[in-house]
Every structure is written in C-alpha cells, then in structure tokens.
Amino acid sequence: MKAIVNEAECVGCGLCVDACPEVFEMNEENIAEVIADPVPPEAEESCREAAENCPTGAISLED
Ligand code: SF4
C-alpha cells in the first residue's frame, strides 16, 4: 500500500501523525509528509484510519 498527501489540501492538523507516526511526519512548513513508502504491513490499519479521519480528505491510498 502507498500513501499520498495532497499538500494543497493539508491544513496541518497533525491528526495523521498521531494516528500513524510510522507513515506520516509534519515537515517544517507544517504539512504532513509520507516517510514510509510502501506503508509497512503492520501500519496499514492505522494508515487507513488516518486517511479516513483526515478532516480535508488530503490523504489518498493506493494498493
Ligand atoms: Fe494534513 Fe490531513 Fe494529516 Fe491533518 S490529517 S495533517 S490535514 S494530511
């Protein structure tokens, strides 16, 4: 699985980092960045949760 953050839609809430720190990190501009590609199998569930709960729908997932 691969996670993608649409930087233009990210509002820097940090929720995805809280939900799945294995995959997401905030950068200097307070935008979420993907730090694990592909998503490690053990982080897939929390990564899906992060994508579902992102308030702006900025996270997309690909198989
Ligand atoms: Fe950005 Fe969404 Fe992550 Fe919040 S949950 S930091 S809006 S990608």
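Source: prediction; values computed, not measured. (Residues numbered from 1 in each chain as written. Predicted model: local features only at pLDDT ≥ 70, side-chain atom pairs only at ≥ 80, totals over all residues. Heavy atoms only, no water.)

Visitor: Describe the environment of Gly 12, with residues and values.
Guide: With respect to the helices, strands and loops of the structure, Gly 12 is situated in the loop between strand 1 (2-5) and helix 1 (15-19). The exposure class of Gly 12 is buried, given its relative accessible area of 15%. Through-space distance from the C-alpha of Gly 12 to that of Asn 30 is 5.3 Å; in sequence the pair is 18 residues apart. (Helix = DSSP H or I, 4+ residues; strand = E, 2+ residues; numbered from the N terminus. Buried < 20%, exposed > 50% of the residue type's maximum accessible area, 1.4 Å probe, protein only.)

Visitor: Tell me about the nonpolar core, residues and numbers included.
Guide: By size, the foremost hydrophobic cluster in this structure holds 19 residues, and its most contacted members are Cys 20, Val 23, Phe 24, Val 39, Cys 47 and Ile 59. When contributions to this core are tallied by element, the ones reaching two or more residues are strand 1 and helix 2 (44-53). Of the residues forming this core, the biggest block, three residues, is contributed by helix 2. Residues in contact with Phe 24, not counting those within four places in the same chain, are Ala 3, Val 5, Cys 16, Val 17, Glu 33, Val 34, Ile 35, Cys 47, Ala 50 and Ile 59. (Core = buried A, V, L, I, M, F, W, Y, C linked by side-chain atoms within 4.5 Å. Contact = heavy atoms within 4.5 Å.)

Visitor: Give a detailed account of the environment of Cys 47, specifying residues and quantitative values.
Guide: Relative to the assigned elements, Cys 47 resides in helix 2. By relative accessible area, Cys 47 is classed as buried at 0%. Along the sequence, Cys 47 and Ala 3 sit 44 residues apart, while their C-alpha atoms lie 7.9 Å from each other. Other than its neighbours up to four places away in sequence, Cys 47 contacts Met 1, Ala 3, Cys 20, Val 23, Phe 24, Val 39 and Leu 61.

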